[in-house]
Amino acid sequence: MNKAVLMGRLTKDPEIRYSQSNEPLCIARYTIAVNRRFKRDGEPEADFIPCVAFGRAGEFAERWFKKGMMVCVSGRIQVRSWEDQQGQKRWSTEVVLEEQDFAESKSSFQSRGGSGAKSDAPMDVPMGEPEGFAAISETIDDEDLPF
């Protein structure tokens, strides 16, 4: 299984380009800084993980993601190799994204001095229970639980 789940801050705004095909495909590339859980003296405190999103996911990143934002992503790790102009073999490792999401509120991001997403960003979703769902405490008695 090849699955990576990461949470970190964008190191800069996503870089966007479009493929040169009949139907151009959006390609968004960005790097997230993922804090290391344990830190040793003299070692970096974060890992910088390159990510790439294609199509609608790329368009989403282009529109809403900004430098400094905390995001959560998941996808597969891809390793590519090629020969450079000097004939040396080069390697690249990146996460090809399947999912990406906000990991902090818009107000939290803006209070830290972030530029924030555009004012119509879908980050102002009201908290609470979605329609058609009820809190567990309302529907299940402790006697019904198998543990």
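Here, every reference points to the structure presented above.
On a predicted model such as this, the values are computed, not experimentally measured, just so you know. (Residues numbered from 1 in each chain as written. Predicted model: local features only at pLDDT ≥ 70, side-chain atom pairs only at ≥ 80, totals over all residues. Heavy atoms only, no water.)

Engineer: What should I look at first to understand the overall build of the protein chain in this one?
Structural biologist: Along the backbone of the protein chain there are 3 helices and 6 strands. Listing the helices and strands of the protein chain from first to last along the sequence gives β-β-β-β-α-β-β-α-α. For the protein chain, restricting intrachain contacts to residue pairs at least 6 apart in sequence, the fraction spanning at least 24 positions comes to 57%. Split by element, the accessible area of the protein chain, about 10,900 Å² in all, is 49% carbon and sulfur. (Helix = DSSP H or I, 4+ residues; strand = E, 2+ residues; numbered from the N terminus. Contact = heavy atoms within 4.5 Å. Areas by Shrake-Rupley, 256 points an atom, 1.4 Å probe, with all protein chains shown as cover.)

Engineer: What is the right way to look at the packing of aromatic side chains in this model?
Structural biologist: The geometry of two aromatic rings is summed up by the distance between their centres and the angle between their planes. The full count for this structure, using the stated rule, is 4 aromatic pairs. Aromatic pair Tyr30 and Phe65: ring centres 5.7 Å apart, planes at 75°, arrangement edge-to-face. In this pair, Tyr30 is assigned in strand β3 (residues 26-35) and Phe65 in the loop between α1 (56-64) and β5 (70-83), connecting sequence segments 35 residues apart. Residue classification places Phe65 among the buried residues on the basis of a relative accessible area of 1%. Between Phe65 and Phe102, the aromatic rings sit 5.8 Å apart at their centres with planes inclined by 70°, giving edge-to-face as the arrangement. Of the two residues, Phe65 sits in the loop between α1 and β5 while Phe102 sits in strand β6 (residues 89-102), which places them 37 residues apart along the sequence. Here the aromatic residues Tyr30, Phe60, Phe65 and Phe102 are joined through ring pairs into a cluster of three or more. (Phe/Tyr/Trp six-rings, centres within 6.5 Å; stacked < 30°, edge-to-face > 60°. Buried < 20%, exposed > 50% of the residue type's maximum accessible area, 1.4 Å probe, protein only.)

Engineer: Just checking my understanding: could you explain the nonpolar core for this structure?
Structural biologist: In a soluble, globular protein the nonpolar side chains are often hidden away together inside. Within the largest apolar cluster, 19 residues are counted, with the highest numbers of intra-cluster contacts made by Tyr30, Ile32, Phe65 and Val73. Secondary-structure elements contributing two or more residues to this core are β1 (4-10), β3, β4 (46-54), α1, β5 and β6. For this core, the element with the highest residue contribution is β3, accounting for 4 residues. Filtering out sequence-adjacent residues up to four positions away, Ile32 remains in contact with Leu6, Gly8, Arg9, Leu10, Thr11, Asp47, Phe48, Ile49, Cys51, Val71 and Val73. (Core = buried A, V, L, I, M, F, W, Y, C linked by side-chain atoms within 4.5 Å.)

Engineer: Please clarify how the side chain of Glu94 should be interpreted in this entry.
Structural biologist: Positionally, Glu94 belongs in strand β6. According to the relative accessible area criterion, Glu94 is buried, its value standing at 6%. Apart from residues no more than four positions distant in its own chain, Glu94 is found in contact with Arg29, Pro50, Val52, Arg76, Ile77, Gln78 and Arg80.

Engineer: Before we go on, may I ask you to explain the pattern of salt bridges in this structure?
Structural biologist: Taken as a whole, this structure holds 8 salt bridges when the rule is applied. Salt-bridge contacts for Asp47 lead to Arg36; the nearest nitrogen and oxygen are separated by 2.6 Å. Residue Asp47 is found in strand β4, and its partner Arg36 is found in the loop between β3 and β4; the two are separated by 11 residues along the sequence. A residue is classified by how much of its surface remains accessible, and Arg36, at 26% relative accessible area, is partly exposed. Taken together, the salt bridges that share partners define one network made up of Arg29, Arg80 and Glu94. (Salt bridge = Lys/Arg side-chain N within 4 Å of Asp/Glu carboxyl O.)

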